[in-house]
Amino acid sequence: MKMREVKFVAALALGLVGCAGGVSDDEARARAEQVFRESFTHGNRQMAARVERQDEVQALCSRYRNEPPKDVAEKIEREQAAGIRYPASGKFLGDWRQGERIAQDGYGMRFTDPDTRRPNGGGCYNCHRIAPAEISYGTIGPSLYRFGALRGAGEATQRYAYGKIYDSQAYLACSHMPRFGHNGVLTEEQIMHLVALLLDPDSPVNR
Amino acid sequence: MPFHRLPAAVLVGVLAATLPCICAAQQDTQKEIERYRQLLAEGNPADLFEARGEELWKTPRGPKKASLEQCDLGLGAGVLKGAFAQLPRYFADTDRVQDLESRLVTCRVTLQGIDPAEATRNPFSAPGRPSDMEALASFVAGQSRGMKLAAPLRHEKELEAFRVGEQLFYRRAGPHDFACVSCHGENGKRIRLQELPKLTDPHDAQKIFTTWPAYRVSQGSVRTMQHRLYDCYWQMRHPQMDYTSEASIALEVFMAKYANSGEIQAPGLKR
Amino acid sequence: MADPMRIRASMAGDKVEVRVLMSHEMETGLRKDASGALVPAHFIQNVTVTHAGKTVLSAQWGTSISKNPFMHFRFKGGKPGEKVTISWVDNKGERRSDEAVISGG
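Computed from a predicted model, the values in this text were never measured in an experiment. (Residues numbered from 1 in each chain as written. Chains lettered and ligands numbered in written order. Predicted model: local features only at pLDDT ≥ 70, side-chain atom pairs only at ≥ 80, totals over all residues. Heavy atoms only, no water.)

Peer 1: Before we go on, may I ask you to explain the overall build of chain C in this structure?
Peer 2: The helix and strand inventory of chain C stands at zero helices and seven strands. Projected onto its principal axes, the C-alpha coordinates of chain C cover approximately 50 × 20 × 20 Å. A buried classification covers 44% of the 105 residues belonging to chain C. When contacts within chain C are restricted to residue pairs at least 6 apart in sequence, those whose partners lie at least 24 apart make up 56%. Positive and negative side-chain charges in chain C, numbering 15 and 11 respectively, have mean positions lying 6 Å apart. (Helix = DSSP H or I, 4+ residues; strand = E, 2+ residues; numbered from the N terminus. Buried < 20%, exposed > 50% of the residue type's maximum accessible area, 1.4 Å probe, protein only. Contact = heavy atoms within 4.5 Å. Lys, Arg positive; Asp, Glu negative; His and termini not counted. Charge placed at Lys NZ, Arg CZ, Asp CG, Glu CD.)

Pasting the structure below:
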């Protein structure tokens, strides 16, 4: 057993489960990082490298268990908002039909998804209710049914929807929602199609 | 549940992927899913795996031509009843915390002389390639059926595993920023139509953690807790987790703390 | 030969209640494997249940029956201690036959 492990275990022996007693959260985290690195050694190396390194937001949200203090939250939201890349054309609405396909599709970036030219999906129905015809929807996120009908499809709303999909944490620090644009999961064009799904008056979401 | 009234009534359990009746209202959908599950529950294909696991347990194999009947799963060599209910736990002979599958690997290596790489080569079955581990896990889990989960949290290494598991549970990473807590941190949520337990809530954990290992209809096989974690990481856009890795056992220790006192219903039946 | 069937037969009133779980891949012939090739059809085509020399159930199955089929049915005329025999034949000509003793209930 390595020296660091010995110290950790000895400190724990003094403490109780879940209690600071002997081992700080930081020490537990350091040990956990080591365990994590040693537990994904046989699989895809590129993917391992990506998950071994948490970015600043991921590290903070992990540390605060998604309930960061106010000042930390505000900093995250500010910095994520500053990082949003809006379409150069200034347009936000794509094709809602393609948006529905992207929302249905959970493909992409799993270790069984081969490196082809097939674009990633958004997997939106995993967490959201969207178009009424789809009853197989998740409830991790709020219902988006009638999203445009309720808010109108003005430019500010379009910009908000685009930004939210691009980087949800620009609006809510440590949101569960993946930062689809920031993390390179969806392209600008794909996000525009999703915005159309939500806001186009002809989209089934709003009819 | 109504049966047909013909003299030779036949009820064929169709393990189809489609639901029997898709109605608009969410309540009806939920009711139909429950009815479908009840229809399936009587003929759990996990029974087949349990039977094969018993055979594997008793059959001499490997270079040492030994059976697994002297395997110590925590309650002494060869003691099966109640052993699964007290896993994961610390083992002095290996000086580490181990879960069911990790312990089965240990016994296959030490008792039967099977090479460690060989013993972990095929943990998850594929069509035409059955896994011994799934059968063995089904058999051993079934020996604790109806008992209360009582995974110990006393030894310093068990406590360490809990703290590590806790950190891992909240660890956000990868292109989707997912952690275990992303799906398993709230009550009453579901992904698509699959309900999600809040794993830090004993009310949920006690009911759900104890249904593993289980026959998964969508997989056409019994799947174990190791596979469940491997599958979670797949969906979280992480790479393949090493079989019986320290991370997997730490997460199980973490989950078991909240699931303790739950009644073991393994092997269970799931979509 | 395929894994043995798991059969439970017991009295339910004046009828015999039988539950049988069969181990079989039940490939439809429409599924593709990882390389994109079609997995050949391999499924149970005929099931016969006999008791005291008489056929009490006969079934012709197709590809809509799922993997590891489960069947639950009742028939009249059996008594505790007597045997029920269940046999199947699949489209490749493979077969399996298992029997169970009817329990009291």
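From this point, the narrative continues.
Peer 1: What is the right way to read the interface of chain A and chain B from this model?
Peer 2: Each partner contributes residues to the interface: chain A has 63 residues there, and chain B has 48 residues. Around 5200 Å² of area is buried between chain A and chain B when both sides are counted, 56% of it from carbon and sulfur atoms. There are seven salt bridges connecting chain A and chain B. Here Glu134 of chain A ties to Arg192 of chain B by a salt bridge, and the two come within 3.9 Å at their closest N and O atoms. (Buried area = accessible area lost by both parts, 1.4 Å probe. Salt bridge = Lys/Arg side-chain N within 4 Å of Asp/Glu carboxyl O.)

Peer 1: When you look at the sheet that holds strand 7 (residues 221-223) of chain B in this model, what are you seeing that I'm missing?
Peer 2: Hydrogen bonding along the main chain pairs the strands of a sheet, whether they run parallel or antiparallel. Residues and elements named next belong to chain B. Here three strands make up an open sheet; going across it, the order is 7-6-8 and the pairing mixed. The open sheet has two edge strands with one neighbour each: strand 7 and strand 8 (268-270). The sheet shows a mean angle of 35° between the axes of neighbouring strands, taken without regard to direction. (Pairing = 2+ DSSP bridges. Axes fitted to C-alpha atoms, helices over the stretch in contact; angles between N-to-C directions.)

Peer 1: Help me understand unusual backbone geometry in this model?
Peer 2: Both trends apply: most residues other than glycine have a negative phi, and most peptide bonds are in trans. Residues and elements named next belong to chain B. For the bond running from Leu87 to Pro88, omega is 0°, close enough to zero to count as cis. Within the fold, Pro88 resides in the loop between helix 2 (46-58) and strand 2 (89-91). Look at the link from Trp212 to Pro213: it is a cis peptide, with omega at 0°. We note that Asp177 has phi near 55°; this positive angle belongs to a residue other than glycine.

Peer 1: Can you walk me through the confidence of the model for chain C in this structure?
Peer 2: In regions of low pLDDT, the predicted coordinates are not meant to be interpreted in detail. Here chain C averages 93 in pLDDT, while 98% of its residues score no lower than 70. Here the predicted complex carries an ipTM of 0.91, next to a pTM of 0.88. (pLDDT = per-residue confidence, 0-100.)

Peer 1: Looking at this model, I keep getting lost on the nonpolar core. Mind explaining?
Peer 2: For soluble globular proteins, nonpolar side chains are generally found buried alongside one another. Counting 68 residues, the largest nonpolar core has Trp57, Leu73, Leu100, Leu104, Val140, Leu168 and Phe169 of chain B as its most contacted members. A total of ten residues in this core trace back to one element, the largest contributor, which is helix 10 (residues 246-259) of chain B. Apart from the residues within four sequence positions on either side, Leu73 of chain B is in contact with Trp57, Val79, Leu80, Ala83, Leu87, Arg89, Phe91, Leu100, Arg103, Leu104 and Val140 of chain B. In terms of nonpolar packing, the next biggest core, distinct from the first, is built from 30 residues, Phe92, Tyr166, Leu194 and Val205 of chain A among them. (Core = buried A, V, L, I, M, F, W, Y, C linked by side-chain atoms within 4.5 Å.)

Peer 1: What is the right way to look at the packing of aromatic side chains in this model?
Peer 2: Scanning all chains against the criterion turns up 16 aromatic pairs over all chains. Centroid distance Phe169 of chain B to Phe254 of chain B: 5.0 Å. Interplanar angle 45°. Geometry classified as tilted. Remark: Phe254 of chain B occurs in helix 10 and Phe169 of chain B occurs in helix 6 (residues 156-169); sequence separation between them is 85 residues. Given the relative accessible area of 1%, Phe169 of chain B is considered buried. Residue classification places Phe254 of chain B among the buried residues on the basis of a relative accessible area of 0%. Ring-pair connections join several aromatic residues into one group, and the members of that group are Phe162, Phe169, Tyr170, Phe254 and Tyr258 of chain B. The ring of Phe147 of chain A carries Arg151 of chain A above its face, with NZ or CZ at 4.0 Å from the centroid. The ring of Phe36 of chain A is capped by Arg171 of chain B, whose NZ or CZ atom sits 3.9 Å from the centre of that ring. (Phe/Tyr/Trp six-rings, centres within 6.5 Å; stacked < 30°, edge-to-face > 60°. Lys NZ or Arg CZ within 6 Å of the ring centre and 35° of its normal.)

Peer 1: Any chance you could explain the state of the cysteines here in plain terms?
Peer 2: What we call a disulfide is simply a covalent bond connecting the sulfur atoms of a pair of cysteines. Residue and element names in this part refer to chain A. What the rule picks out here adds up to two disulfides over all chains. A sulfur-sulfur distance of 2.2 Å marks the disulfide that ties Cys61 to Cys174. Looking along the S-S bond of the Cys61-Cys174 disulfide, the torsion reads about -85°, which is the left-handed sense. Of this pair, Cys61 sits in helix 4 (residues 56-63) while Cys174 sits in the loop between helix 8 (155-166) and helix 9 (188-199), and the two are 113 residues apart along the sequence. Judged by its relative accessible area of 4%, Cys174 is buried. (Disulfide = S-S within 2.5 Å.)

Peer 1: How should I be thinking about the packing of helix 2 of chain B against helix 5 (residues 132-142) of chain B in this particular structure?
Peer 2: When two helices pack together, their arrangement is given by the angle between the helix axes and by the axis-to-axis distance. Residues and elements named next belong to chain B. Where helix 2 meets helix 5, the axes come as close as 7 Å, and the angle between the chain directions of the two elements is 95°. It follows from the interaxial angle that helix 2 and helix 5 lie roughly perpendicular. Every residue of helix 5 that contacts helix 2 at Phe49, Glu50, Arg52, Gly53, Glu54, Leu56 and Trp57 is listed here: Asp132, Glu134, Ala135, Leu136, Ser138, Phe139, Val140 and Gly142. (Parallel < 35°, antiparallel > 145°, perpendicular 65-115°, else oblique.)

Peer 1: Honestly, the sheet that holds strand 4 (residues 54-60) of chain C in this entry has me stumped. Any pointers?
Peer 2: All names here are of chain C. The antiparallel open sheet is built from four strands, whose spatial order is 4-3-6-7. At either end of the open sheet lies a strand with only one pairing partner, and these are strand 4 and strand 7 (95-101). On average, adjacent strands in this sheet sit at an angle of 15° to one another, irrespective of strand direction.

Peer 1: Where do I start with the pairing of strand 7 of chain C in this structure?
Peer 2: Looking along a regular strand, one sees the side chains alternate between the two faces of the sheet. Residue and element names in this part refer to chain C. A one-sided burial pattern is seen for strand 7, the buried positions being Arg96, Asp98 and Ala100 and the unburied ones Arg95, Ser97, Glu99 and Val101. Bridge count between strand 6 (residues 83-90) and strand 7: seven bridges; the pairing is antiparallel. In the sheet register, Ser87 faces strand 7, and the bridge partner there is Ser97. Connecting strand 6 to the antiparallel partner strand 7 that follows it, the hairpin turn spans four residues, and Gly93 within it adopts a positive phi of roughly 85°.

Peer 1: I'm lost on the pattern of salt bridges in this one. Help?
Peer 2: For side chains of opposite charge, pairing can occur when their charged atoms come near one another. On inspection of all chains with the given rule, the structure shows 34 salt bridges over all chains. With its nearest N and O atoms 3.1 Å apart, the salt bridge here joins Asp132 of chain B to Arg61 of chain B. Here the residue Asp132 of chain B occupies a position in helix 5, and Arg61 of chain B occupies one in the loop between helix 2 and strand 2, the gap between them amounting to 71 residues. Exposure remark for Asp132 of chain B: the relative accessible area of 17% places this residue in the buried category. Asp98 of chain C is the partner of Arg96 of chain C in a salt bridge, and the nearest nitrogen-oxygen pair spans 2.8 Å. The same class applies to Arg96 of chain C as to Asp98 of chain C, namely buried.

Peer 1: Can you walk me through helix 5 of chain B in this structure?
Peer 2: Helical geometry: 3.6 residues make up each α-helical turn, so side chains three or four residues apart lie on a common side. Residue and element names in this part refer to chain B. Among the eleven residues of helix 5, eleven are classified as buried, and the element is accordingly described as predominantly covered. Looking only at helix 5, the buried set comprises Asp132, Met133, Glu134, Ala135, Leu136, Ala137, Ser138, Phe139, Val140, Ala141 and Gly142. Each element contacted by the buried residues of helix 5 is listed here: helix 2, helix 3 (100-110) and strand 7.

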